[in-house]
Amino acid sequence: MMAEAGAGGPRLAELLALGRRLWDELEASTEPSSGAPAVQDKVRQGLDALQRAAAMVEQLELFSENEELEEIASSDLKFMLLPALLGALTLRQVDLSRRREHLESAREHFLHFLKLCRNYGLGSFQLPPGTSGKEEAGSPSAPRDPSQPNLLAMAMSRTAKIERYKQKKELENKLASMSSSVESGTADEDQIREFYILQIQKWISTSLEELESIDQELVILRSRDAARQAPAGPRGPSRPARTPVKPFILTRDAAQARVFGVGYPGVPTMTVDDWYEQRRRQGVVSQQGFGELGSPPCPSPPAGASDEELQKQQQETEEEEDDEEALRKARDWDDWKDTHPRGYGNRHNMG
């Protein structure tokens, strides 16, 4: 293993060192926007270097599921950080049109790193639900109502976050005190090994935090995408377009139509009967059940009615017709007065 790593070591170590240096510069950057060209240029360079290094690690088969942590050379431990660094740099990309793709890619990198660490017994942690079958072996199989909060899980998550934060601060303090001796080359084998293991443990805490944030953002993005792709809800039948009606003057009879027609030559006139007939032809109103325009329908006698009931119904019909006749005469008199002013035809009393 060491011989294979040594054969490709210098080039592989340089790529990892370049990716680490660019990441450290991004972390310490005072650039106000993560979308600044200088920032995104460093992101692209770092991703390119780390992806090439990861491909070389896979080709060299530096890590295997069949070996223990003690079998890995101390100088090779630092290459275990490649998936975590790739996930962190992937999240730094700011192309909103590919945000979901970047989140899912970063999630895969972090999960790869965590599974690699768990395989070698580095750190005690639990992977997010749904990532594999092992971490869910002790979880209850009974379905839970998603609308009800799992208070126990929330409390455990909060406790785990606090504990991870404390551990991360302790690891950072230890790394800061050891970095100078390791970088200067004065550290011995045991110190170098401890230094890289502490770095791995620090990135385990970072990866767990990033995975939680990624999963929350993915839920939002998937809901938004589903809402955009959902078909529109069923709507009622659309109403046919109404034909615009030209303005006209509605009169009682032809006499009024002639009078108003003289005063408003630009506006057509129409009697009530003409208007009703026009609407009937257009299918807007129906003449079904009407004997004459404006007259109510005559009720038909019920089946099996006696002679006495028929006579009573006929008498009521005649009385209604008499009332209608009287009403018609009154209306005719009003119409006549409208078209014949007082004194009309009096040739003797000219004053």
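Reading guide: rules and limits
- Residues numbered from 1 in each chain as written.
- Predicted model: local features only at pLDDT ≥ 70, side-chain atom pairs only at ≥ 80, totals over all residues.
- Heavy atoms only, no water.
- UniProt positions renumbered as here; feature names shortened; annotations may be inferred.
- Helix = DSSP H or I, 4+ residues; strand = E, 2+ residues; numbered from the N terminus.
- Buried < 20%, exposed > 50% of the residue type's maximum accessible area, 1.4 Å probe, protein only.
- Contact = heavy atoms within 4.5 Å.
- Areas by Shrake-Rupley, 256 points an atom, 1.4 Å probe, with all protein chains shown as cover.
- Salt bridge = Lys/Arg side-chain N within 4 Å of Asp/Glu carboxyl O.
- Core = buried A, V, L, I, M, F, W, Y, C linked by side-chain atoms within 4.5 Å.
- Axes fitted to C-alpha atoms, helices over the stretch in contact; angles between N-to-C directions.
- Parallel < 35°, antiparallel > 145°, perpendicular 65-115°, else oblique.
- Left-handed = near helix turned anticlockwise from the far one by under 90°.
- Patch = residues over 30% accessible without salt bridge, like charges linked within 9 Å, V, L, I, M, F, W, Y side chains within 5 Å.
- Lys, Arg positive; Asp, Glu negative; His and termini not counted.
- Charge placed at Lys NZ, Arg CZ, Asp CG, Glu CD.
- pLDDT = per-residue confidence, 0-100.
- Polar contact = N/O pair within 3.5 Å; in protein donor to acceptor, adjacent residues only side chain to side chain.

- Per an unreviewed UniProt entry, the protein carries the name IGBP1 protein and comes from Leptocoma aspasia.
- Under the heading Sequence similarities (unreviewed entry), UniProt records this for the protein: "Belongs to the IGBP1/TAP42 family."

Some remarks on the overall build of the protein
Part 1: Each helix and strand in the protein was counted, giving 9 helices and 2 strands.
Part 2: For the protein, with 351 residues in total, the buried portion stands at 27%.
Part 3: Excluding contacts between residues fewer than 6 apart, the proportion of contacts in the protein whose partners are at least 24 apart in sequence is 63%.
Part 4: On the protein, roughly 24800 Å² of surface is accessible, and the fraction owed to carbon and sulfur atoms is 51%.

Some remarks on helix 3 (residues 82–91)
Part 1: Burial within helix 3 is extensive, with 10 of its 10 residues counted as buried.
Part 2: Regarding helix 3, the residues found buried are Leu-82, Pro-83, Ala-84, Leu-85, Leu-86, Gly-87, Ala-88, Leu-89, Thr-90 and Leu-91.

Points about the pattern of salt bridges
Part 1: What the rule picks out here adds up to 14 salt bridges.
Part 2: Linking Asp-225 and Arg-100 is a salt bridge whose minimum nitrogen-to-oxygen distance equals 3.0 Å. Of the two residues, Asp-225 is situated in helix 6 (residues 189–229) and Arg-100 in helix 4 (residues 99–119); the sequence distance between them amounts to 125 residues.
Part 3: Taking the relative accessible area as the measure of exposure, Arg-100 reaches 32% and is therefore partly exposed.

Structural notes on the nonpolar core
Part 1: Counting residues in each nonpolar core, the largest one holds 58 residues, and the members touching the most others are Phe-63, Met-80, Phe-113, Leu-122 and Ile-204.
Part 2: Elements supplying a minimum of two residues to this core: helix 1 (2–28), helix 2 (37–60), helix 3, helix 4, helix 5 (151–184) and helix 6.
Part 3: Beyond its immediate sequence surroundings of up to four residues, Leu-122 is in contact with Leu-69, Met-80, Cys-117, Ile-197, Ile-200 and Ile-204.

Topic: the packing of helix 3 against helix 6
Part 1: One way to put it is that helix 3 packs onto helix 6 with a least axis distance of 11 Å and a crossing angle of 40°. Classified by the angle between their axes, helix 3 and helix 6 sit oblique to one another. Taken as a pair, helix 3 and helix 6 cross one another with a handedness that is left-handed. Here Ala-84, Leu-85, Ala-88 and Leu-91 of helix 3 come into contact with helix 6, specifically with Trp-203, Ser-207, Glu-210 and Ile-214.

Let's talk about a negative patch on the surface
Part 1: Among the surface-exposed residues, Asp-188, Glu-189, Asp-190 and Glu-194 lie close enough to one another that they form a single negatively charged patch.
Part 2: One can find Glu-194 in helix 6.

Comments concerning the confidence of the model for the protein
Reading fine detail from the predicted coordinates is not recommended where pLDDT is low.
Part 1: Confidence in the prediction for the protein averages 77 pLDDT; 65% of positions are at 70 or higher.
Part 2: Model confidence for the protein, summarised as mean pLDDT per element, is weakest for helix 7 (residues 254–263) at 59 and strongest for helix 3 at 97.
Part 3: Low pLDDT (under 50) marks residues 1–10, which in the prediction has 9 contacts with non-local residues, meaning those over four places away or in another chain.
Part 4: Contacts for the low-pLDDT stretch residues 289–294, under 50 throughout, to residues beyond four places or in other chains number 6 contacts.

What about the environment of Ala-54?
Part 1: Structurally, the position occupied by Ala-54 is in helix 2.
Part 2: Expressed as a C-alpha distance, the spacing of Ala-54 and Pro-83, which sit 29 residues apart in the sequence, is 7.6 Å.
Part 3: When sequence neighbours within four positions are dropped, the list of residues in contact with Ala-54 reads Leu-82 and Leu-86.

Quick notes on the packing of helix 2 against helix 3
A pair of packed helices is captured by two measures, namely the crossing angle of their axes and the spacing between those axes.
Part 1: Interaxial distance between helix 2 and helix 3 falls to 10 Å at its minimum, and their mutual angle equals 155°. When the axes of helix 2 and helix 3 are compared, the pair comes out roughly antiparallel. Relative to helix 3, helix 2 is oriented so that their crossing is left-handed. Taking contact as the criterion, the partners of Val-43, Gly-46, Leu-47, Leu-50, Gln-51, Ala-53, Ala-54 and Val-57 in helix 2 are, on helix 3, Leu-82, Leu-85, Leu-86, Leu-89 and Thr-90.

Section: the side chain of His-102
Part 1: Turning to its location among the elements, His-102 is positioned in helix 4.
Part 2: Leave out the neighbours within four places in its chain, and His-102 touches Thr-90, Gln-93 and Asp-95.

Description of the environment of Ser-74
Part 1: Topologically, Ser-74 is positioned in the loop between helix 2 and helix 3.
Part 2: On a C-alpha basis, the gap between Ser-74 and Ile-192 in space is 6.7 Å, while along the polypeptide they are 118 residues apart.
Part 3: Apart from the residues within four sequence positions on either side, Ser-74 is in contact with Glu-189, Arg-193 and Tyr-196.
Part 4: Side chain to side chain, Ser-74 and Glu-189 meet in a polar contact 2.6 Å long.
Part 5: Here the side chain of Ser-74 touches Arg-193 through a polar contact of 3.0 Å, side chain to side chain.

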